[in-house]
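Descriptive structure summary
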Amino acid sequence: MFNKPQGCITARRDARHKTVMEYFPLEIRDTFHPVGRLDKNTEGLLVITNDGMLTKKLCDPQEGTKKQYFLWAIGEMTEEKIRRIEKGISIKHREEPCLEAEIKVKDRDFLYNIKGFFSEEHREKLMKNKNLPVFSCYITITEGKKHQVKRMMKATGCTVVYLKRVKIGNLYLDEGLMPGEYREMTSDEIKELEG
């Protein structure tokens, strides 16, 4: 279990960017791999394994493994937008709509009150419009389309400014892990994932 920080990419190697595997000892880097993708500015739960069957179970949309994210987004999340997301929102012309999703709005605020969630490089840019309304929510999906959560929110007219994966299947991110830290999963946690 790895708590991916912002600013690194989900890959084993890359010539230009820091990767998630650079947080691990060399002997792990060559035999293990990250399961699924979290983009450069997304943080949170990432499973690192050498088990191909587990990787398939967690990544294949037909397996239906749920992935839950916490986010902050600029805009308003209305009941109509929630229904569109829950039914399976279209995120791109001529692309199949997303599968059904679950969404629970948590808080509403203003951008300046959530600046602690942003990296230094993004904080300065975002604070130019610090009075914009924002909301937080948990969203659960079973697919892994590229930038899917961000694109789902964009399809409702909202812009994600912070995104963190908090759960895969029944496995929650260990909140005791600081960004960039990892630990071995327990046998019970592995059984939960294998389902």
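Here's a quick rundown of the structure. (Residues numbered from 1 in each chain as written. Predicted model: local features only at pLDDT ≥ 70, side-chain atom pairs only at ≥ 80, totals over all residues. Heavy atoms only, no water.)

Overview of the environment of E143
Put simply, the rule reads: The helix count covers DSSP runs of H or I at least four residues long, the strand count covers runs of E at least two residues long, and both are numbered beginning at the N terminus. The classification of residues rests on relative accessible area computed with a 1.4 Å probe and restricted to protein chains. Under 20% of the type maximum is buried, over 50% is exposed, and intermediate values are partly exposed. Under the rule applied, a polar contact is a pair of N or O atoms within 3.5 Å (in protein, one hydrogen donor and one hydrogen acceptor; residues adjacent in sequence only if both atoms are side-chain atoms).
Topologically, E143 is positioned in the loop between strand 7 (133-141) and helix 5 (148-155). For E143, a relative accessible area of 9% gives the class buried. Note: C-alpha distance between E143 and F117 (26 residues apart in sequence) is 25 Å. Among the polar contacts made by the side chain of E143, one reaches the main-chain amide nitrogen of L99 at a distance of 2.7 Å. Among the polar contacts listed, one links the side chain of E143 to the side chain of Q148, at a separation of 3.3 Å.

Focus on the environment of V134
Counted only if it meets this: The contact definition used throughout considers only heavy atoms, calling two residues in contact when any of these lie within 4.5 Å.
Its location among the elements puts V134 in strand 7. For V134, a relative accessible area of 2% gives the class buried. Setting aside anything within four residues of it in sequence, one finds V134 in contact with W72, A73, I74, G75, D107, R108, D109, F110, L111 and I114.

A closer look at the side chain of K57
Applicable threshold: The charge count includes Lys and Arg as positive and Asp and Glu as negative, but it does not include His or the ends of the chains. Salt bridges are counted wherever a side-chain nitrogen of Lys or Arg sits within 4 Å of a carboxyl oxygen of Asp or Glu.
Position of K57 relative to the elements: it lies in helix 2 (residues 52-59). It is E63 that comes nearest to the buried, bridge-free K57 among opposite-charge side chains, at 4.5 Å. Dropping the residues within four chain positions of it, K57 is found in contact with E63, T65, L193, E194 and G195.

Focus: helix 2
Threshold: Along the arc lie the directions from the helix axis toward the C-beta atoms.
Those residues of helix 2 lying buried are L54, T55, K57 and L58. On an axial view of helix 2, the arc spanned by its buried residues comes to 165°, and they lie on one face.

A word on the state of the cysteines
Note the cut-off: Here, the term disulfide refers to a pair of cysteine sulfur atoms separated by no more than 2.5 Å.
A full pass over the atoms with the stated rule returns zero disulfides. Not engaged in a disulfide, the cysteine C98 finds its nearest cysteine sulfur in C137; these two sulfurs lie 14 Å apart.

Considerations on the packing of aromatic side chains
Working definition: an aromatic ring pair is given by the centre-to-centre distance plus the angle between the planes. The line we're drawing: Under the pairing criterion, centres of Phe, Tyr and Trp rings, with the six-membered ring standing for Trp, must be within 6.5 Å; the plane angle then separates stacked pairs below 30 degrees from edge-to-face pairs above 60, leaving the rest tilted. Whether a charge sits over a ring depends on NZ of Lys or CZ of Arg being within 6 Å of the ring centre and within 35 degrees of the ring normal.
Counting across every chain of the model gives 10 aromatic pairs. Plain terms: the ring middles of F70 and W72 are 6.4 Å apart, the flat faces sit at 90° to each other, and that makes the pair edge-to-face. Of the two residues, F70 and W72, both sit in the buried class. Ring centres of F110 and Y112 lie 6.1 Å apart, and the angle between their planes is 5°; on these two criteria the pair is classed as stacked. Classification of F110 as partly exposed rests on a relative accessible area of 38%. Clustering of aromatic rings is evident, with ring pairs tying together F70, W72, F117, Y138 and Y162. Positioned above the aromatic ring of Y23, the side-chain terminus of K18 is 4.4 Å from the ring centre.

Quick look at the pattern of salt bridges
For the structure shown, the criterion picks out eight salt bridges. A salt bridge links R13 to D30; the nearest nitrogen and oxygen atoms lie 2.6 Å apart. Highlighted residues: R13 in the loop between strand 1 (2-4) and helix 1 (26-29) and D30 in the loop between helix 1 and strand 2 (33-34), separated in sequence by 17 residues. A salt bridge links D60 to K56, with the shortest nitrogen-to-oxygen separation between them at 3.1 Å. Note on D60: relative accessible area 19%, which makes it buried. Since its relative accessible area comes to 44%, K56 is described here as partly exposed. One network of salt bridges, with partners in common, ties together D174, R183 and E189.

As for the nonpolar core
Going by this rule: Side-chain atoms within 4.5 Å are what join buried Ala, Val, Leu, Ile, Met, Phe, Trp, Tyr and Cys residues into a set we call a nonpolar core.
Ranked by internal contacts, the top residues of the largest apolar core, which has 29 residues, are L71, M77, I85, F135, I139, M152 and M153. In terms of residues, this core owes the most to one element, strand 7, which gives four residues. In contact with I139, not counting residues within four places along its chain, are K67, Q68, Y69, L71, I85, E102, I103, V149, M152 and M153. M1, L45, I168 and L177 belong to the second-largest nonpolar core, a separate cluster that totals 12 residues.

Description of the pairing of strand 3 (residues 43-46)
This is how the line gets drawn: Here, a strand pair is defined by DSSP locating no fewer than two bridges between the strands.
When strand 1 meets strand 3, the two strands line up antiparallel, connected through three bridges. From the neighbouring strand, F2 faces strand 3, where its bridge partner is L46. Both strand 3 and strand 8 (residues 159-168) contribute to a ladder of two bridges, which runs parallel. The partner of E43 across the bridge, within strand 8, is K164.

Structural measurements only, silent on function.
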